[in-house]
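# Commentary on secondary and tertiary structure
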Amino acid sequence: MIKIAICDDETVMCEKLKMTVSSILEKWKEEYRIVCHSSAADVLWGPLDFDLLFLDIKMPGIDGMKAAGGLRERGFFGELIFVTAFPEYMPDAFEVEAADYLGKPADRERLERTLKRVLKKLRTDKEESFCIRTANWCRTIPFGEIYYCEVMNRKMFVHTKQGVVDYYGKMREAEAQAFPYLIRCHRSYLVNPRFLREYVGGEIRMENGERIPVSKNYRQAFMERMLAWMEGEG
């Protein structure tokens, strides 16, 4: 199921876009859920329980562009599509990795093409993503965004390019889900080999400058996995 949020302070425009998107997805026999919001603040500070966000720009209070930047900082890795009557903000859309920038009202044919491309990407990302589920929310993080995971006091910390995501979880469950993208190097750490820059004296130096210990109990298995990964990459 694809989970979609639409944010537009104009209720009529929000409902119209919802109906159009619904009709396209029903035609494709896609399972979906769509929730409309009239305030960017509600989306920015609410649960990140959606895969795709349609976002207006000119809104009272927090505008759509600021909300998009805030969502990326919070760790939202889903797809963003701006729907606006103001073309002058288009260059800024690239800064927040928007999938598209549509005029208002959105042209149906253009919307269909964009949705088809976004759905394909979302499926690929979910196949190669770390999925976090708690009682109140769920989130998928592409492995290409994760530097490493660590566990402390029954809590998992996922270190990503956008920041740290934490939740209560177990290392063995995280390791099972992350295989083969992340490698265990310590009882408390899983590392992403694509961001490993150096291994010296029992310590990993990551691309982001952080240092991760490699314990004796995991050293041999870690080296074997690293060699296998390097051969696969080559």
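Quantities reported herein were computed from a predicted structural model and do not represent experimental measurements.

Broken down by element type, the chain carries seven helices and 15 strands. Projected onto the principal axes, the alpha-carbon positions of the chain cover approximately 60 × 35 × 35 Å. Burial statistics for the chain: of 234 residues in total, 46% are counted as buried. Expressed as a percentage of contacts within the chain between residues at least 6 apart in sequence, the contacts between residues at least 24 apart total 53%. Across the chain, the mean location of the 36 positive side-chain charges is 5 Å away from that of the 37 negative side-chain charges.

Within the secondary structure, glutamate 73 sits in helix H3 (residues 64-74). Since its relative accessible area comes to 64%, glutamate 73 is described here as exposed. For the pair glutamate 73 and lysine 161, spaced 88 residues apart in sequence, the C-alpha to C-alpha distance is 9.5 Å.

This part is about the sheet that holds strand E10 (residues 163-168). The five strands lie next to each other as E10-E9-E8-E12-E11, forming an open sheet whose pairing is antiparallel. What marks the edges here is a single partner per strand, and that holds for E10 and strand E11 (183-186). On average, adjacent strands in this sheet sit at an angle of 20° to one another, irrespective of strand direction. Where strand E9 (residues 155-160) and E10 come together, six bridges link them in antiparallel fashion.

We now examine the pattern of salt bridges. Across all of its chains, the model carries 14 salt bridges by this definition. Between glutamate 10 and lysine 104 there is a salt bridge whose closest N-O contact spans 3.3 Å. Taken together, the residues glutamate 10 in the loop between strand E1 (2-7) and helix H1 (11-27) and lysine 104 in the loop between strand E5 (100-103) and helix H5 (108-127) connect sequence positions 94 residues apart. A relative accessible area of 39% places glutamate 10 in the partly exposed class. Across the pair lysine 121 and glutamate 79 runs a salt bridge whose closest N-O atoms are separated by 3.2 Å. With lysine 121 in helix H5 and glutamate 79 in strand E4 (residues 79-84), the pair connects residues that are 42 residues apart, well separated along the chain. A relative accessible area of 41% means that lysine 121 is categorised as partly exposed.

Our next topic: the nonpolar core. Among the nonpolar cores identified, the biggest contains 22 residues, and Cys7, Phe50, Leu53, Leu55, Leu71, Leu80 and Phe82 are the most heavily contacted of them. Of all the elements in the fold, those that place two or more residues in this core are E1, helix H2 (40-45), strand E3 (52-55), H3 and E4. Once residues lying within four places of it in the same chain are set aside, the contact partners of leucine 55 are Cys7, Gly64, Ala68, Ile81, Phe82 and Val83. Counting residues in each nonpolar core, the second largest holds 20 residues, with Ile4, Cys14, Phe54 and Val83 among its members.

The rules behind each value
Residues numbered from 1 in each chain as written. Predicted model: local features only at pLDDT ≥ 70, side-chain atom pairs only at ≥ 80, totals over all residues. Heavy atoms only, no water. Helix = DSSP H or I, 4+ residues; strand = E, 2+ residues; numbered from the N terminus. Buried < 20%, exposed > 50% of the residue type's maximum accessible area, 1.4 Å probe, protein only. Contact = heavy atoms within 4.5 Å. Lys, Arg positive; Asp, Glu negative; His and termini not counted. Charge placed at Lys NZ, Arg CZ, Asp CG, Glu CD. Pairing = 2+ DSSP bridges. Axes fitted to C-alpha atoms, helices over the stretch in contact; angles between N-to-C directions. Salt bridge = Lys/Arg side-chain N within 4 Å of Asp/Glu carboxyl O. Core = buried A, V, L, I, M, F, W, Y, C linked by side-chain atoms within 4.5 Å.

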